[in-house]
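# A structural walkthrough
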Number of protein chains: 2
Amino acid sequence: MLDAALADGTAERRCTFEVFARSLPHGRRYGVVAGIARLLDALPRFTFDDAEIAVLQSAGAATDRTADYLSGHRFHGDVVGYPEGELYFPGSPVLSVTGTFAECVLLETLVLSVLNHDCAVASAAARMTTAANSRPLIEMGSRRTHEEAAVASARAAYLAGFAATSNLEAHRRWGVPTTGTSAHAFTLLHDSEADAFRAQVDALGVGTTLLVDTYDITEGIATAVEVAGTGLGAVRIDSGDLGVLAQRARAQLDDLGATRTRVVISGDLDEHSIAALRAEPVDAYGVGTSVVTGSGAPTAGMVYKLVEVEGRPVAKRSSSKESRGGAKSALRRHKPTGTAVEEVVHRLDADVERGEHDRVVPVPLLVKGEPTGDQPTLEESRERLRRGLVAVPWEGLKLSRGEPAIPTTFLP
Amino acid sequence: MLDAALADGTAERRCTFEVFARSLPHGRRYGVVAGIARLLDALPRFTFDDAEIAVLQSAGAATDRTADYLSGHRFHGDVVGYPEGELYFPGSPVLSVTGTFAECVLLETLVLSVLNHDCAVASAAARMTTAANSRPLIEMGSRRTHEEAAVASARAAYLAGFAATSNLEAHRRWGVPTTGTSAHAFTLLHDSEADAFRAQVDALGVGTTLLVDTYDITEGIATAVEVAGTGLGAVRIDSGDLGVLAQRARAQLDDLGATRTRVVISGDLDEHSIAALRAEPVDAYGVGTSVVTGSGAPTAGMVYKLVEVEGRPVAKRSSSKESRGGAKSALRRHKPTGTAVEEVVHRLDADVERGEHDRVVPVPLLVKGEPTGDQPTLEESRERLRRGLVAVPWEGLKLSRGEPAIPTTFLP
């Protein structure tokens, strides 16, 4: 595409590409924007060195013309988009990329890879956060996804309200709080469960979390309190009928006088099983597979569509997968109480009435290839999502399948 | 875990960890091993530099003792495992890692991340290859998954029989054949569909694939042949009722005299829709989302379990998620015709009768941290899978849910 467009001169046409999701997966009520900071971080590094260009040429994937273009290529366009932690709905213009066709088309895969992955994880994680109802969630799914996706997943889960991750690299790169626990292997390594617990308490103090389900859970809890005393931080149960086991563990800990020892539950949890444990005496959840794989929706289904060429709206027309042409913005309308009621998507040049409780959702991210001022911190994005979820109508927080929390209206 | 084990001396105990899947997802009949080469490639780089260790220390995740250990750490153990392209079944000992507890436990996340991801993609891709029944498949899902997972996915799909990928980085790193096509954006960029087709044919020759469904498919095909002539390589249709559209496209191309122009179909295909198109005149399939997300099973569900400590078998005992202790190997039994009949998993030291058609599945991969001789090329692994699938009983190639293609027998 690039080569042919360079040859006939269309590569220089000024274009706007729009990122949006046609729908939300599995009848979910909202999506969560994540990955913007990763994208802004990756863009300056999205260049092609001589060795890479040589490979493209020898593979027949780049002519001399294309090689010339790629050499020294850097994105100099404008990007406007939803900030991280913002909610999105079907058709929300999550990102608008404007520049020459050449520079914009090159970004498609990078932009969509980052957003499709991170939004999928954050959207699932936010539902788990809601289901956990203020009990802390620990992301521990690194082993269940690609090694680099694991780092991004830990970040997206934290953005969506998780308390911490077991992924240390996510702490190093993005400052995500980390926590750890021990595995069954640590207990099995030792000559007895008591030896294992003693070693862990010696190293980490009595505030640690002991994994009590390697052999017999009742004996495990008794041993844990015997070794650590009633000041033990927490016990973790990773298998079995978790609701029943949490109740028994709580009762046993209370009987032993360890009334402040917390009960941490893990083992194939998702938003539904977390919700089902609401009435049980659980103090924290460890979540793995389901959060890093988007709980059944491992990709957010976002697309990157050319919507405008030299100021002229363009759109595919052949099928039900139609797109709406023209560069767009969006206004979120709210009641005076602060509850969101509508996502209004409109052409950039449209004259849209804006009430005092409405707000423009997209913000400038890059101008002529340069970041615009200060980007929000991960903590600020986390707070943005928290506030965004408060503004969602209560039906919009339901886990069941249904319509989006608010309707999207497309102005003509 | 590492710190506590270093403190009490158990870190030096000789351990074997085993990687296996308890079951196959969604009633699939077999799994495909992939990621071994990526893992062997990553292991020598799995070290900790001073800056990284400092971060761990400041995060409270490493004591001075652990920092000392990590500094200059390198894996010196032994790894035995199923080669890439090998089939696996529930309980197959896909990888056995032997060394000190410290060096083995550190590898858990890396090993599982690579194998859970790559095996998930390859296992889904192999089913698509079977469904396509020798018609070529093109992997084009990079945009639907994390940017690094995309590269690994392209490799895993090729290993599992796909013909090519659109991911150029997978070509650069792993030599995967690449191919490209144009997007709707390329057509929309131009003043007319004919202009777009002409630009593409000028740049890439008449052997190229023209995307004909941006506006009206019938007109698109007519324009494509008008511009490129009857020697046009292929037309691609990306949306709509693909079976019907393929028939119509074929008939129209034949009427126009473009009898050798191929019909390429894409658009949310998975193994089931590929199978459903078997009777239609389709020459190649482009597959995106479903292959890179494991077609509903984005993680292979492999676990990394401690099975032996200082020669003593160990296993978790508290629940249904039991493991079998002891370092193991596996023998695949075959009929004289070459059809596989049974996966026999046995303790390493067991005396197992081996028939003339049986073969030991695991091979040495690392000895004292060093790779053992030549590793198979990607082409050889691809051929291994091809042969492995020929040996599967015919019921084992069904796409429907059911039992594994061959039973796993665990010798006591």
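A quick note: this is a predicted structure, and the numbers were derived from the prediction, not measured.

Attention now moves to the overall build of chain A. Per the secondary structure count, chain A includes 14 helices and 19 strands. For chain A, the residues scored as buried account for 56% of the 412 residues in total. Put simply, chain A shows about 16000 Å² of open surface, and 49% of that area lies on carbon and sulfur atoms. Mean positive and mean negative side-chain charge positions of chain A (43 and 54 charges, respectively) differ by 6 Å.

As a further point, take the interface of chain B and chain A. Each side of the interface is counted separately: chain B has 70 residues, and chain A has 70 residues. Where chain B abuts chain A, roughly 5900 Å² becomes buried across the two surfaces, and 64% of that area is made up of carbon and sulfur atoms. It is B:Arg143, B:His146 and B:Leu189 that lose the most area in chain B upon contact with chain A, and together they represent 11% of the buried surface on that side. Across the contact surface, chain B and chain A share seven salt bridges. A salt bridge links A:Glu147 to B:Arg38; the nearest nitrogen and oxygen atoms lie 2.6 Å apart. Scanning the region where chain B abuts chain A turns up 26 residue pairs in polar contact (both at pLDDT 80 or more). Each residue belonging to the side of chain B that touches chain A can be placed in one class, and the counts come to 30 nonpolar, 21 polar and 19 charged.

This part takes up the packing of aromatic side chains. Scanning the model with the defined rule gives six aromatic pairs over all chains in all. When the centroid spacing of 6.2 Å and the interplanar angle of 35° are considered together, the rings of A:Phe17 and A:Phe101 count as tilted. Here A:Phe101 lies in helix α5 (residues 101-132) and A:Phe17 lies in strand β1 (residues 14-21), a separation of 84 residues in the sequence. Like A:Phe17, the residue A:Phe101 is buried in the burial classification. A centroid spacing of 5.5 Å and a plane angle of 70° characterise the contact between B:Phe46 and B:Phe48, whose relative ring orientation is edge-to-face. Given the relative accessible area of 22%, B:Phe46 is considered partly exposed. Ring pairs connect the aromatic residues A:Phe17, A:Phe101 and A:Tyr304, which therefore count as one cluster. One cation-aromatic arrangement involves A:Arg324 over A:Phe410; the distance from NZ or CZ to the ring centre is 3.7 Å. Taking NZ or CZ as reference, B:Arg155 lies 4.5 Å from the ring centre of B:Trp174, over its face.

A word on the relation of the copies chain B and chain A. Copies of the same chain, two in number, are related to each other by a rotation about an axis and a translation along it. Overlay of chain B on chain A (RMSD 0.0 Å): rotation 180°, translation along the axis 0.0 Å. Seen this way, the second copy is the image of the first under a two-fold rotation axis. By residue overlap, the copies meet face to face through one surface: 100% of the interface positions of chain B are interface positions in chain A.

Attention now goes to the sheet that holds strand β5 (residues 95-100) of chain B. All names here are of chain B. Across the sheet, which stays open at both edges, the seven strands sit in the order β13-β12-β1-β5-β3-β17-β18 with antiparallel pairing between neighbours. Strand pairing shows two members of the sheet lacking a second neighbour, β13 (312-313) and β18 (370-371), which therefore form its edges. Pairing geometry for strand β12 (residues 302-309) and β13, over two bridges, is antiparallel. Each bridged residue has a counterpart across the sheet, and for Val309 the counterpart in β13 is Arg312. Seen against the sheet, helix α5 (residues 101-132) touches β1 (14-21), β5 and β12 and runs at an angle of roughly 160° to β5.

On to the packing of helix α10 (residues 217-228) of chain A against helix α11 (residues 242-255) of chain A. Residue and element names in this part refer to chain A. Where α10 contacts α11, the axes come no closer than 10 Å and their chain directions differ by 35°. The chirality of how α10 crosses α11 is right-handed. Across the interface between the two elements, Ile217, Thr218, Ile221, Ala222 and Val225 of α10 pack against Leu245, Ala249, Gln252 and Leu253 of α11. Class assignment of the residues belonging to the contact of α10 with α11 gives a composition of seven nonpolar, two polar and no charged.

Moving on: the pattern of salt bridges. Working definition: two side chains of opposite charge can pair if their charged atoms are close together. A complete count under the given rule lists 53 salt bridges over all chains for this structure. Residues B:Arg172 and B:Glu169 are paired through a salt bridge, measuring 2.8 Å at the closest nitrogen-oxygen approach. Here B:Arg172 and its partner B:Glu169 are both found in helix α7 (residues 168-174), three residues apart, which amounts to about one turn of the helix. Across the salt bridge formed by B:Glu343 and B:Arg332, the nearest N and O atoms sit 2.7 Å from each other. Here B:Glu343 is found in strand β15 (residues 340-347), whereas its partner B:Arg332 is found in strand β14 (residues 328-334), with 11 residues between them in sequence. Residues B:Glu343 and B:Arg332 agree in their burial class; the two are buried. Connected via shared salt-bridge partners are A:Glu86, A:Arg332, A:Glu343 and A:Arg359.

Moving on: the UniProt feature "domain: Nicotinate phosphoribosyltransferase N-terminal" (unreviewed entry) in chain A. With numbering matched to this structure, UniProt assigns "domain: Nicotinate phosphoribosyltransferase N-terminal" (unreviewed entry) to residues 1-116 of chain A. Taken as a whole, residues 1-116 of chain A contains 40% helix and 19% strand, while its terminal C-alpha atoms sit 23 Å from one another.

Moving on to the state of the cysteines. Working definition of a disulfide: a covalent bond connecting the sulfur atoms of two cysteines. Residue and element names in this part refer to chain A. If you walk through the whole model with that rule in mind, you get zero disulfides over all chains. The thiol sulfur of Cys15 is not disulfide-bonded, and the nearest other cysteine sulfur, from Cys104, lies at 6.3 Å. Note on Cys15: relative accessible area 1%, which makes it buried.

Here we take up the domain arrangement of chain A. In terms of domain boundaries, chain A breaks down into domain 1 (2-122 + 297-410) and domain 2 (181-287). Taken over C-alpha atoms, the centre of domain 1 of chain A sits 43 Å from the centre of domain 2 of chain A.

Our next topic: the environment of B:Val352. Residues and elements named next belong to chain B. Its place among the elements puts Val352 in the loop between β15 and β16 (359-360). Linking Val352 and Leu411, residues 59 residues apart in sequence, is a C-alpha distance of 8.8 Å. Here Val352 is in contact with Leu331, Arg333, His346 and Leu411, once residues within four sequence places are set aside.

Next up on the list: α5(B). Residue and element names in this part refer to chain B. Helix length check: α5, at 32 residues, gives a terminal C-alpha distance of 45 Å against a target of 46 Å (1.5 Å per residue), a fit within 8%. Taking the largest bend as the criterion, α5 deviates by roughly 40°, centred on Glu108. Within α5, 29 of the 32 residues are buried, which leaves the element mostly enclosed by the surrounding structure. Among the residues trailing α5, Asn133 stands out with phi positive, at a value near 55°.

A separate point is the sheet that holds strand β14 (residues 328-334) of chain A. Hydrogen bonds along the backbone pair up the strands of a sheet, which may run parallel or antiparallel. One open sheet accounts for four strands, arranged β16-β14-β15-β19 (chain A); its pairing is mixed. Looking at which strands have only one partner, the edges of the open sheet turn out to be β16 (359-360) and β19 (408-410) of chain A.

Counting all residues, the mean pLDDT for chain A is 96, and 99% of those residues have values of 70 or more. For this predicted complex, the interface score ipTM comes out at 0.96, while the overall pTM is 0.97.

Criteria and thresholds
- Residues numbered from 1 in each chain as written.
- Chains lettered and ligands numbered in written order.
- Predicted model: local features only at pLDDT ≥ 70, side-chain atom pairs only at ≥ 80, totals over all residues.
- Heavy atoms only, no water.
- Helix = DSSP H or I, 4+ residues; strand = E, 2+ residues; numbered from the N terminus.
- Buried < 20%, exposed > 50% of the residue type's maximum accessible area, 1.4 Å probe, protein only.
- Areas by Shrake-Rupley, 256 points an atom, 1.4 Å probe, with all protein chains shown as cover.
- Lys, Arg positive; Asp, Glu negative; His and termini not counted.
- Charge placed at Lys NZ, Arg CZ, Asp CG, Glu CD.
- Contact = heavy atoms within 4.5 Å.
- Buried area = accessible area lost by both parts, 1.4 Å probe.
- Salt bridge = Lys/Arg side-chain N within 4 Å of Asp/Glu carboxyl O.
- Polar contact = N/O pair within 3.5 Å; in protein donor to acceptor, adjacent residues only side chain to side chain.
- Nonpolar A, V, L, I, M, F, W, Y, C, P; charged D, E, K, R; others polar.
- Phe/Tyr/Trp six-rings, centres within 6.5 Å; stacked < 30°, edge-to-face > 60°.
- Lys NZ or Arg CZ within 6 Å of the ring centre and 35° of its normal.
- Least-squares fit on C-alpha atoms with pLDDT ≥ 70 in both.
- Pairing = 2+ DSSP bridges.
- Axes fitted to C-alpha atoms, helices over the stretch in contact; angles between N-to-C directions.
- Left-handed = near helix turned anticlockwise from the far one by under 90°.
- UniProt positions renumbered as here; feature names shortened; annotations may be inferred.
- Disulfide = S-S within 2.5 Å.
- Domains from an automatic or database assignment.
- Expected span 1.5 Å × (residues − 1).
- Bend = angle between axes of the 7 residues up to and from the residue.
- pLDDT = per-residue confidence, 0-100.

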